[in-house]
Amino acid sequence: MNAPIPHALLAELAALLPPDALLTAPEELKPYECDGLTAYRQLPLAVTLPSDEAQVIAILKACHRHGVPVVARGAGTGLSGGATPVAGGVILSLAKFMRILEIDPAARTARVQPGVRNLAISEAAAPYGLYYAPDPSSQIACTIGGNVAENSGGVHCLKYGLTVHNILALRVALVDGTVVEIGSAALDSPGYDLLALMIGSEGMLGVVLEATVKLTPRPQTARVVMASFDDLTQAGEAVAAIIAAGIIPAGLEMMDRPATAAVEDFVHAGYDLTAEAILLAESDGTPEEVEEEIAALQAVLSSAGARELRVSQSEAERLKFWAGRKAAFPAVGRLTPDYLCMDGTIPRKHLAHVLTRIGELSQQYGLRCANVFHAGDGNLHPLIMFDANLPGELERATEFGARILELSVDVGGTITGEHGVGIEKIGQMCVQFTREELEAFHAVKAAFDPRGLLNPGKAVPTPRRCSEYRLAGSAREAA
């Protein structure tokens, strides 16, 4: 009689890996039960910690032979449940892949392993006057492999783009262990744009082994304007006015009063606590360019109703302004036992309306909400505060978040900008896309992973799941 699959697979993995690179005891698996979305937890069958490409390929081949699901994992900082384990599945951790393989200052590129931290690339490129432009708030910890999986952005993505705009090539292992090279060091590569397909695919199509990233010259100088508004609607309209004036700031961020209060108590960034909303608008380039653009920003913001304008007077003050924005998530975490960080994206012209509606939903669900936005590209990050220990609060918070995402779709936006769909937003995929579109997504998945073993049950819902989601929504409305 054959041994059960898990035992046979575990024996094979034990032969492939050193003892400390295969975790199976419950207390060893516990740290891997979720990513940054802690509302969903699941222990895997095992966690593998390979240290080289050959071991990754061998793990994938073994799991493929046994029909066991595999979930690739970076630093676990994702916020949509994309790295949540699958019951009976294997976690493939790329945490040991931390080498920067090459920096080419002439070509302005770096070739890195997937476990390299986002910020570490910029630190390594700094001696050449270069840096890696995408800068998610978690950049001190998040890894490039996870950034590729989720197509991460950051506060400077308005001018310098998302991950997809800053990756030239990927080396990827497919579900059966086959290794493929996608993209090239040139500006373009022949054939279909598989590079863009792989970036943002949430670990469903392949496992990143290496990435060739673009490096950007550091600007000579940068300054930030902080604008205070007494009205959320005015602040939202100011964002549209800046873009309409033909100004593309290096960063354009918005925070409402609850968010600035939380941040100021945590970081002491010098924010105006009397304002209903603040905007941070950064200009970078040569000193002459920055001076001209800062003057233009001040003029637009004043015309849009800003009651106070402050311009950073030193590099230290500029970094302090941004430190507050980047600390928004941990700052809110000090105020509440739990929170959900949403990630809808909307057309900029609807910012004011959506902000007003989020305030109404906050009242309706009886839950506090602090709002932080990548205002320049309309990427919303409402932080819904709740206590999972209180009966019904998690469910109310989840429903509140769902309404924000569906509101984003209603105004012509999308349910995610950079956090991915994962587990969190899979129901709202049924609202965003038609049945035919979802079937096309499944067909793409099947072309790369016919047996559905890579990160199954994430990102793209089945028709049955959509039916269940719609029935549940009808039941809520009837109640």
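S.K.: Break down the packing of aromatic side chains for me, with residues and values.
M.R.: Applying the stated criterion to the full structure yields 3 aromatic pairs. Seen in terms of ring centroids, Tyr131 and Tyr160 are 6.4 Å apart; in terms of plane orientation they differ by 80 degrees. Their pairing is edge-to-face. With Tyr131 in strand β7 (residues 130–131) and Tyr160 in helix α6 (residues 157–160), this residue pair connects regions lying 29 residues apart in the sequence. You can call Tyr131 buried: its relative accessible area is 11%.

S.K.: Go over the side chain of Thr336 with me, naming the residues and quoting the values.
M.R.: In this fold, Thr336 is placed in the loop between α12 (328–333) and β16 (338–341). In terms of polar contacts, Thr336 uses its side chain to reach the backbone carbonyl oxygen of Asp338, at 2.9 Å. Polar contacts involving the side chain of Thr336 include one to the main-chain carbonyl oxygen of Phe386, which spans 3.1 Å. Setting aside chain neighbours within four positions, we find Thr336 in contact with Arg368, Met385 and Phe386.

S.K.: Could you give an account of the environment of Ser312, naming the residues involved and the relevant values?
M.R.: Residue placement: Ser312 occurs in the loop between β15 (308–311) and α11 (315–326). Taking relative accessible area as the criterion, Ser312 reaches 1% and is therefore assigned buried. Residues Ser312 and Val224, spaced 88 residues apart in sequence, show a C-alpha to C-alpha distance of 5.4 Å.

S.K.: Quick one: what's the story with the pairing of strand β6 (residues 109–112), residue by residue and with numbers?
M.R.: Summarising the sheet, strand β5 (residues 100–104) and β6 pair through 4 bridges and their orientation is antiparallel. Considered in β6, the bridge of Glu102 is made with Arg111. Once β5 ends, the chain turns through 4 residues before running back antiparallel as β6, passing Arg108 with a positive phi of about 60 degrees.

S.K.: For the sheet that holds strand β1 (residues 22–23), give the residues involved together with the corresponding values.
M.R.: The strand order β1-β2-β4-β3 describes an open sheet built from 4 strands, whose pairing is mixed. The outermost strands of the open sheet, each flanked by one partner alone, are β1 and β3 (70–73). Taken together, the 2 bridges between β1 and strand β2 (residues 46–48) define a ladder with antiparallel strand orientation. Considered in β2, the bridge of Leu23 is made with Val47. Against the sheet, helix α3 (residues 53–66) touches β2, β3 and β4 (90–93), its axis set at about 165 degrees to β4.

What counts as what
- Residues numbered from 1 in each chain as written.
- Predicted model: local features only at pLDDT ≥ 70, side-chain atom pairs only at ≥ 80, totals over all residues.
- Heavy atoms only, no water.
- Phe/Tyr/Trp six-rings, centres within 6.5 Å; stacked < 30°, edge-to-face > 60°.
- Helix = DSSP H or I, 4+ residues; strand = E, 2+ residues; numbered from the N terminus.
- Buried < 20%, exposed > 50% of the residue type's maximum accessible area, 1.4 Å probe, protein only.
- Polar contact = N/O pair within 3.5 Å; in protein donor to acceptor, adjacent residues only side chain to side chain.
- Contact = heavy atoms within 4.5 Å.
- Pairing = 2+ DSSP bridges.
- Axes fitted to C-alpha atoms, helices over the stretch in contact; angles between N-to-C directions.

Purely spatial values, then, with no claim about function.
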